[in-house]
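Spelled out from the first residue to the last, the chains are:
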Amino acid sequence: MQSDSEGIGKLRTGSLILAIASLIIIIAPIVLVVLLGVAESSLISFFTSFSNVTSFSNVTNTTSNVTSMSSFQSFVSAVITAFEVSGTLLILGYIAMIVGNFYFRQGFKTLTNFGKNVGAGSAGATTSLIALVLAIIGILVFVGLIIGAAYSTNSVAALRGAFVAVFGSLAIEAIGFLILVIGNILLGIGFYQVGSTYNESATKIGGIFVLVAAILTIPILLIGTSILIIIPILFLVGFILAYIGLGRIRPMLISPIVPSITSIQPTQPIPPIQPTTPQIYQVGQGVIKGDGSAFITLYTS
């Protein structure tokens, strides 16, 4: 039989997994930029070789053509590698998010079954799971079609494949993105409700960070992608705080609180009641008859 402590434990495990996923998503674009920088050197070498083609004799031109084509192939290969590595990191991050939200869903449902008002978190986890599946499909479509276009021998087919890859994956990602924003908003509310229920401040603050990150996602995306990395950082901080706060809640639920029993001081013994001897006194007159019998009246007090 599950208990609310098990629900808190699942939420804590999910928070740790989501923190790792947020870190992976932060690293992925950094890796992409670094690898594209490496690819840029091959592109510069290609243009340098290409510009020298018309400056030499035919034999030299042939050598320059070979060098320039080799530089161009190196550039294409480096670009493909950059997108493959960053795309793989994103997929791993999304898979981790799916696993984490699965734990969230179970944890929030367990707490709801025990009468805790955290239904928003359960709905948010379910919504996020749907969105993340769509996001992974979009990434797979993009990476698959880009790789197919890069290795295609038909330039027209390659161009068509690249076009379909870009716009097809963008359409899928846009739908999943909007659903994910809604799910994350509900998750933030759910964590805040957990913190309020158990009176734990770190969990409430973590829920606020998740909520703010979800709300700011669309405005920041519209302002400029250069500051979009702020979003996973906010999620990272939020899930770390939730992990810490939930770690403080669970021991209180596992270890029952034993009320302290105050010692009872013994009272002074009650001395036994000594029976009182009635006092006898004479009231009135007594009568003594001739046969020696006497009659007297006595009263006691």
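Every chain is numbered independently, its residues counted from 1 as its sequence is written. pLDDT decides what is reported in this predicted model: residues at 70 or higher carry local features, side-chain atom pairs at 80 or more are listed and counted, and totals for whole chains, interfaces and linings draw on all residues regardless. Side-chain metrics in this entry use all non-hydrogen atoms of the structure; hydrogen atoms and water are not considered.

**Things to note about the overall build of the chain**
As a reminder, the rule being used: Each helix is a run of H or I in the DSSP string that is no shorter than four residues. Each strand is a run of E no shorter than two, and both are numbered from the N terminus. A contact between two residues is defined here by any heavy atoms of the two lying within 4.5 Å. Computed by Shrake-Rupley with a 1.4 Å probe, the accessible areas treat only the displayed protein chains as cover when residues are assessed.
Broken down by element type, the chain carries six helices and four strands. Put simply, of all contacts in the chain between residues at least 6 apart along the chain, 73% involve residues at least 24 apart. Carbon together with sulfur atoms contributes 70% to the accessible area of the chain, which is approximately 17,900 Å² in total.

**Comments concerning the packing of aromatic side chains**
Threshold: In this scheme Phe, Tyr and Trp rings, the latter by its six-membered ring, pair at centre separations within 6.5 Å, and the angle between planes marks the pair as stacked below 30 degrees, edge-to-face above 60, and tilted otherwise. In our convention, an over-ring charge means Lys NZ or Arg CZ found within 6 Å of a ring centre and within 35 degrees of that ring's normal.
Enumeration according to the criterion identifies six aromatic pairs in this entry. Between F235 and F239, the aromatic rings sit 6.1 Å apart at their centres with planes inclined by 15°, giving stacked as the arrangement. Of this pair, F235 and F239 are both found in helix α6 (residues 230-254), four residues apart, which corresponds to roughly one turn of the helix. Pairwise contacts between aromatic rings join F104, F108, F191, F235 and F239 into one cluster. In this structure, R12 packs its charged tip against the face of Y243, placed 3.9 Å from the ring centre.

**Observations regarding the pattern of salt bridges**
What counts, and what does not: Salt-bridge detection follows one rule: a side-chain nitrogen of Lys or Arg within 4 Å of a carboxyl oxygen of Asp or Glu.
With the rule as written, the count across this model stands at two salt bridges. With its nearest N and O atoms 3.3 Å apart, the salt bridge here joins E200 to R248. Here E200, found in the loop between α4 (155-197) and α5 (201-223), pairs with R248, found in helix α6; they are 48 residues apart in sequence, far enough to count as distant.

**Things to note about the nonpolar core**
The following threshold applies: Here, nonpolar core means buried Ala, Val, Leu, Ile, Met, Phe, Trp, Tyr and Cys residues that are tied together by side-chain atoms lying within 4.5 Å of each other. For the exposure calls, accessible area comes from a 1.4 Å probe over protein chains only, and a residue counts as buried if that area is under 20% of its type's maximum, exposed if over 50%, partly exposed in between.
By size, the foremost hydrophobic cluster in this structure holds 38 residues, and its most contacted members are F104, F108, V194 and F239. No other element matches the eight residues that α6 contributes to this core. Those residues in contact with F239, other than ones at most four positions away along the chain, are S15, L18, A19, S22, F104, F191 and V210.

**Observations regarding the packing of α5 against α6**
Convention followed: For helices, the axis comes from a line fit to the C-alpha atoms of the stretch in contact; other axes are also lines fit to C-alpha atoms, and the angle between any two N-to-C directions lies between 0 and 180 degrees. Convention used here: angles under 35 degrees read as roughly parallel, angles over 145 as roughly antiparallel, angles from 65 to 115 as roughly perpendicular, and any remaining angle as oblique. By convention the crossing between two helices is left-handed if the near helix lies anticlockwise of the far one by an angle smaller than a right angle, and right-handed if it lies clockwise. The classification used treats Ala, Val, Leu, Ile, Met, Phe, Trp, Tyr, Cys and Pro as nonpolar, Asp, Glu, Lys and Arg as charged, and all other residues, Gly among them, as polar.
The N-to-C vectors of α5 and α6 enclose an angle of 165°; their axes lie 7 Å apart at closest approach. Judged by the inter-axis angle, α5 sits roughly antiparallel to α6. Crossing hand, α5 versus α6: left-handed. Contacts between α5 and α6 pair A202, T203, I205, G206, F209, V210, A213, A214, L216, T217 and I220 from the former with I231, L234, F235, V237, G238, F239, L241, A242, G245, L246, R248 and I249 from the latter. Looking at the contact of α5 with α6 residue by residue, the classes come out as 17 nonpolar, five polar and one charged.

**Side note on the layout of surface pockets**
Over the atoms a probe the size of a water molecule is rolled, and this reveals where empty space is left. So the rule is basically this: A 1.4 Å probe that fits but cannot get out identifies a cavity on a 1 Å grid over protein atoms alone, an open set with protein on both sides within 12 Å along at least five of seven lines counts as a pocket, and a residue lines either if it has an atom within 4 Å of a point. Grid points are joined across faces, edges and corners, and a volume is the space filled by probe spheres set on the points.
In this model, the largest pocket occupies a volume close to 1,400 Å³. If you go around the largest pocket, you meet 44 residues; those closest to its centre are I25, L90, Y94, E173 and L228. Here the residues of the lining of the largest pocket are counted per class, giving 32 nonpolar, 11 polar and one charged.

**Describing the side chain of Q193**
One can find Q193 in helix α4. A relative accessible area of 19% means that Q193 is categorised as buried. Once you skip the residues sitting within four places of it in the chain, Q193 turns out to touch N117, V118, G119 and A120.

**Quick word on α6**
In plain terms, the rule: Take the residue count of a helix, subtract one, and multiply by 1.5 Å to get its expected span.
Taking 1.5 Å per residue, 25 residues should reach 36 Å; α6 reaches 37 Å between its end C-alpha atoms and fits that length. Listing the buried residues of α6 in full gives I231, P232, L234, F235, L236, G238, F239, A242, G245, L246 and I249.

**Side note on unusual backbone geometry**
You will see that N199, though not glycine, has its phi angle at about 55°, which is positive. Topologically, N199 is positioned in the loop between α4 and α5. Under the relative-accessibility criterion, N199 is labelled exposed at 67%.

**As for the environment of I98**
The residue I98 is located in helix α2 (residues 58-113) in this model. Under the relative-accessibility criterion, I98 is labelled partly exposed at 23%. Separated by 35 residues in the primary sequence, I98 and V133 place their C-alpha atoms 7.8 Å from one another.

**A look at the environment of A96**
Along the chain, A96 falls in helix α2. Since its relative accessible area comes to 16%, A96 is described here as buried. The spatial distance from the C-alpha of A96 to the C-alpha of L18 is 6.7 Å, given a sequence separation of 78 residues. The contacts of A96, once residues within four sequence positions are left out, are I17, L18 and A21.

This is a description of form; function is not addressed.
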